[in-house]
Amino acid sequence: MGLYIALEGGEGSGKSSQAKVLARRLDAVLTREPGGTPLGAELRKLLLSPDLPSVSARAEALMMAADRAEHMAVVVEPALAAGRHVVSDRSVYSSLAYQGGARGLGVDAVRSMNEFALAGRLPDVVILLQASPEVARSRMKSLPDRLEAAGQRFHDVVASTYAELRESEPDRFVSVSADASFAEVETAIWSALEPRLP
Ligand code: TMP
């Protein structure tokens, strides 16, 4: 059985680029949420479109969970069963931080709602990239998607909810400061992960 590794963090943490490099280094299947499957790609367009400004928090959480259910069934479980490692850019912990924390649905409610989608499978390791708000802002795209445009207070709650999740699940979480250069962050991720590799 391979290892299921998720990269997590707020906007501008550099996690998508780090996920690519890490997957190459591990010869892992590289994937992402939302959008890691054909169904997920359609859901991602809907979820992130700036033309869809008001989606109720519960509908947003359920669409993220639908993406996740498909992703687990079609990509993550088959790859792990075939002995491959999986590196995923985001996971259920994004739903806990964004929908549970920042949208105010509550971490416990979002966690239990996702149990059905996950069918018992959680990431073995969550690499949390923590960027300071100034660095995150400087790395943001000029045309933000719907969630990126949600405002500083929203993103502050995302960051504090991630920090709480890390405190409550220290065995699963590895946290790395994302403020340094790309190469330094890459090295820090590898040093933190290496002892956990089978
Ligand atoms: P990305 O910017 O990492 O590609 O992620 C897409 C956006 O979707 C990002 O703003 C975080 C958000 N998101 C949630 O709100 N809940 C989730 O469960 C996931 C997976 C992503």
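Conventions used here
Residues numbered from 1 in each chain as written. Predicted model: local features only at pLDDT ≥ 70, side-chain atom pairs only at ≥ 80, totals over all residues. Heavy atoms only, no water. Axes fitted to C-alpha atoms, helices over the stretch in contact; angles between N-to-C directions. Helix = DSSP H or I, 4+ residues; strand = E, 2+ residues; numbered from the N terminus. Parallel < 35°, antiparallel > 145°, perpendicular 65-115°, else oblique. Left-handed = near helix turned anticlockwise from the far one by under 90°. Contact = heavy atoms within 4.5 Å. Pairing = 2+ DSSP bridges.

Right, let's get into the packing of helix α1 (residues 15-26) against helix α8 (residues 182-193). Interhelical geometry of α1 versus α8 gives an angle of 50° and a closest axis separation of 11 Å. Considering their axes alone, α1 and α8 lie oblique with respect to each other. The element α1 and its partner α8 pack so that their crossing is right-handed. Facing α1, whose interface residues are Ser17, Gln18, Val21, Leu22, Arg25 and Leu26, α8 presents Phe182, Val185, Glu186, Ile189, Trp190 and Leu193.

What follows covers the sheet that holds strand β4 (residues 125-130). Pairing in this open sheet of five strands is parallel, and the strands run β2-β3-β1-β4-β5 from one edge to the other. The strands lining the two open edges of the sheet, one partner per strand, are β2 (29-32) and β5 (173-177). Here the strands of the sheet are splayed against their neighbours by 20° on average, with no regard to which way each runs. Bridging between strand β1 (residues 4-9) and β4 involves five bridges; their strand directions are parallel. By the bridge assignment, isoleucine 5 is partnered in β4 with valine 125. Where helix α3 (residues 57-81) meets the sheet, it contacts β1, β2 and β3 (86-89), and its direction lies at approximately 160° from that of β2.

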